[in-house]
Amino acid sequence: MIYLDYAATAPVPRAVADAMYEVLTGRFGNPSSQYPLGLEMKKQAESWRTAVAEAMGCTAKQLYFTSCGTEGDNWAVTAACWQNRRLGKHIVTTAVEHSAVLESCRWMERQGYEVTYLGPDQKGHITAAQVLEAVRPDTALVSVMMVNNELGNMYPIGDIARGLASKNPRTLLHTDAVQGFLEVPFAADRLGADFVTVSAHKIGGPKGCGALYIGPRVRNPRPLLAGGGQESGLRAGTEATAQIAGFARAVELRRQGLEQTLARLRELRAYAAETLSAIPDLTLIGDGEAPHILAASLAGWPSQNIVNDLGSQGICISAGSACHQGRPSHVVAALGLPRRTAGGVIRLSFGPESTQDEIDDCARALRRHHDQRMPML
Ligand code: PLP
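Since the model is a prediction, treat every value here as computed from it, not as a measurement.

Student: Pulling in residues and values, what's your account of the site of the ligand?
Tutor: The immediate surroundings of the ligand are formed by 13 residues, with Gly69, Thr70, Asp176, Ser199 and Lys202 found nearest. Here an oxygen atom of the ligand sits 2.8 Å away from a polar atom, N or O, in the main chain of Gly69. Contact with the protein chains removes 91% of the 390 Å² of surface that the ligand exposes when unbound. When residues in the shell around the ligand are grouped by element, the largest group, three residues, is from helix 3 (residues 69–83).

Here's what the structure looks like:
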């Protein structure tokens with residue numbers, strides 16, 4: 001199998017699975033239990049929190065474990081709106097956010113909020129000026145992702161934060177950094193965002209685990225889940241100790257030689273861009289600043305057919321986001337591309353295990369698809 005879909009999810013290294021197995025079977029105590037098996041897990045959970053917080057560039061106290069990136073996004077949007085409920089009922093976000101943010105915003109719309117969805121240009125750019133221009137005195141929240149999961153474009157979170165400080169210092173800023181974490185450098189506590197969402201399974205951790213950074217401007221963040229006093233009383237639910245152990249181990253592994261890994265990913269991405277560009281009718285989409293994501297379009301050939309054809313040959317790529325199976329992606333739609341181009345958008349994404357040979361095989365399969373199938377769009 002050739003796996004070129006790391007932005008959808010990544011394989012779990014053996015060392016991560018081993019760390020999880022040990023917690024699931026031997027050190028299975030509930031961190032709230034008051035005997036040594038539980039107390040030890042409480043201590044251990046704090047050391048895992050420290051490991052993830054160090055990688056995010058914040059203190060352990062600022063980091064809350066969640067069940068996934070989606071939960072972090074939902075929590076950030078609702079907590080920001082709650083804190084600023086007296087400031088106003090306006091949200092600024094982009095039309096290319098992950099559905100975890102978009103659907104949270106739509107939920108807020110049903111609660112009476114007005115949401116401004118900023119559109120990108122055809123290359124997928126969103127500028128800080130564009131975001132700041134949309135901010136009003138009643139803007140409770142700005143939510144802009146760090147790296148777009150379908151295009152690989154990076155958005156200027158630092159510039160947005162600096163601009164917000166003068167445009168409306170009370171507006172809270174959330175960034176979904178699920179595709180940015182350990183792919184592009186950032187330090188949560190210097191970024192200027194009040195909330196930063198990350199997820200474990202994009203970097204070799206288990207699915208069903210994430211974390212949310214909550215900065216000092218957020219006072220008494222409103223929990224999303226009501227219940228026990230876990231996570232300093234802000235995120236109820238028995239800690240998913242095995243998942244968290246796996247997340248921390250994946251973070252440690254990924255941080256070893258991170259610069260070399262990212263340099264290699266950038267090389268692979270450039271290699272893929274060059275190799276794929278030789279295919280007739282293929283154009284690159286987006287800006288691809290992130291090292292691990294490459295979007296392209298085989299204009300005229302429906303992306304779902306390409307994905308199915310390559311999938312039947314054991315090559316895993318995606319048609320836009322894995323969360324939009326079968327439906328046209330809202331991200332591609334927002335680019336306003338010609339119909340034939342929009343219909344043929346595919347995404348390749350790379351991880352530490354990816355190789356040039358895999359890219360060559362994928363390019364050959366794409367070329368065959370182009371040569372042997374009739375364009376249908
Ligand atoms: N945000 C972005 C940008 C993503 O790419 C994803 C997953 O694809 C998520 C949020 C959701 O993360 P999770 O799968 O952990 O819920």
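And the narrative resumes.
Student: I'd like a rundown of the sheet that holds strand 10 (residues 293–298), residues and numbers included.
Tutor: Two strands in a sheet stick together by hydrogen bonds in their backbones, pointing the same way (parallel) or opposite ways (antiparallel). Taken in spatial order, the three strands of this open sheet run 9-10-12, and their pairing is antiparallel. The outermost strands of the open sheet, each flanked by one partner alone, are strand 9 (282–285) and strand 12 (345–349). Strand-to-strand twist across the sheet, computed as the mean angle between neighbouring axes with direction ignored, equals 35°.

Student: Describe in detail the sheet that holds strand 2 (residues 63–66), supporting the description with residues and values.
Tutor: Here we have seven strands laid out as an open sheet, ordered 2-8-7-6-5-3-4, and mixed in their pairing. Unpaired on one side and paired on the other, strand 2 and strand 4 (114–118) mark the two borders of the sheet. Direction aside, the axes of adjacent strands within the sheet are offset by 20° on average. Looking at chain direction, strand 7 (residues 195–199) and strand 8 (residues 210–214) are connected through five bridges and run antiparallel. Each residue of the ladder has a partner; that of Val198, found in strand 8, is Ala211. Across the sheet, helix 2 (residues 36–56) lies against strand 2, strand 7 and strand 8, angled at about 110° from strand 2, the strand it touches most. The strands touched by helix 3 are strand 2, strand 3 (90–94), strand 5 (139–143), strand 6 (172–176), strand 7 and strand 8; relative to strand 7, the strand with the most contacts, the crossing angle is about 165°.

Student: Tell me about the pattern of salt bridges, and please be specific about residues and values.
Tutor: A complete count under the given rule lists 18 salt bridges for this structure. The shortest N-O distance in the salt bridge between Glu231 and Arg49 comes to 2.7 Å. Remark: Arg49 occurs in helix 2 and Glu231 occurs in helix 8 (residues 230–233); sequence separation between them is 182 residues. Considered together, Glu231 and Arg49 belong to a single accessibility category, that of buried residues. With a shortest N-O distance of 2.9 Å, Arg136 and Asp138 are connected by a salt bridge.

Student: Kindly report on the side chain of Arg269, identifying the contributing residues and their values.
Tutor: Looking at where Arg269 falls in the secondary structure, it is placed in helix 10 (residues 258–277). Look at Arg269: it is buried, it has no salt bridge, and the nearest opposite charge is Asp287 at 7.1 Å. Contact partners of Arg269, with chain neighbours within four places excluded, come to Asp287, Gly288, Ala290, Pro291, Ile293, Leu294 and Phe350.

Student: Describe the side chain of Arg27, and please don't skip the residues or the numbers.
Tutor: Structurally, Arg27 can be placed in the loop between helix 1 (14–25) and helix 2. The exposure class of Arg27 is buried, given its relative accessible area of 19%. A polar contact is formed between the side chain of Arg27 and the side chain of Gln44, at a distance of 2.8 Å. Not counting residues up to four positions away in its chain, the partners in contact with Arg27 are Glu22, Leu37, Glu40, Met41, Gln44 and Trp48.

Student: For unusual backbone geometry, give the residues involved together with the corresponding values.
Tutor: The phi dihedral of Leu182 is positive, around 60°, even though this residue is not glycine. Along the chain, the position of Leu182 falls in the loop between strand 6 and helix 7 (188–191). Using a relative accessible area of 6% as the deciding quantity, one classes Leu182 as buried.

Student: I'd like a description of the nonpolar core, backed by residues and values.
Tutor: Core analysis: the largest hydrophobic core is formed by 95 residues, its most contacted members being Phe181, Phe247 and Ile317. It is helix 2 that provides the largest number of residues to this core, a total of eight residues. Discounting chain neighbours no more than four positions away, the residues touching Ile317 are Leu4, Asp5, Ile306, Val307, Leu310, Ile346, Arg347, Leu348 and Cys362. Among the nonpolar cores identified, the runner-up in size contains 20 residues, and Tyr64, Ala80, Cys105 and Leu234 belong to it.

Student: Run through the pairing of strand 5, naming residues and quoting values.
Tutor: Within strand 5, five of the five residues are buried, which leaves the element mostly enclosed by the surrounding structure. Judged from the four bridges that link them, strand 3 and strand 5 form a sheet pairing that is parallel. Residue pairing across strands places Thr93 opposite Ser143, the latter belonging to strand 5. Pairing geometry for strand 5 and strand 6, over three bridges, is parallel. Each residue of the ladder has a partner; that of Leu141, found in strand 6, is Leu172. Between strand 5 and its parallel partner strand 6, the chain crosses via helix 6 (residues 157–167), and the hand of that crossover is right-handed.

Reading the values: the criteria
Per-chain numbering applies: the sequence of each chain, read as written, is numbered from 1 onward. Only residues with pLDDT of at least 70 are given local features in this predicted model, and only at 80 or more are side-chain atom pairs given and counted; all residues enter the totals for whole chains, interfaces and linings. Hydrogens are left out, water is left out, and the side-chain values use all remaining heavy atoms of the structure. For this purpose, a residue is taken to be near a molecule or strand whenever a single non-hydrogen atom of the residue falls within 4 Å of it. In protein, a polar contact requires one atom able to donate a hydrogen and another able to accept it; more generally it is a pair of N or O atoms within 3.5 Å, and residues adjacent in sequence count only if both atoms are side-chain atoms. The Shrake-Rupley method, run with a 1.4 Å probe sphere, supplies the accessible areas, and residue values consider only the shown protein chains as cover. Each helix is a run of DSSP H or I of at least 4 residues and each strand a run of E of at least 2, with the numbering of both proceeding from the N terminus. Whether two strands pair comes down to DSSP finding at least two bridges between them. Axes here mean lines fitted to C-alpha atoms, for a helix over just the part in contact, with angles spanning 0 to 180 degrees between N-to-C directions. Residue contacts are counted whenever heavy atoms from the two residues lie within 4.5 Å of one another. By definition, a salt bridge exists where a carboxyl oxygen of Asp or Glu is found within 4 Å of a side-chain nitrogen of Lys or Arg. The classification of residues rests on relative accessible area computed with a 1.4 Å probe and restricted to protein chains. Under 20% of the type maximum is buried, over 50% is exposed, and intermediate values are partly exposed. A residue counts as positive if it is Lys or Arg and as negative if it is Asp or Glu; His and the chain ends are not included. Here, the term nonpolar core denotes a set of buried Ala, Val, Leu, Ile, Met, Phe, Trp, Tyr and Cys residues that are joined through side-chain atoms within 4.5 Å. Assignment of crossover handedness uses the view with strands pointing away from the viewer, where a clockwise path from the first strand over the helix to the second indicates a right-handed crossover.

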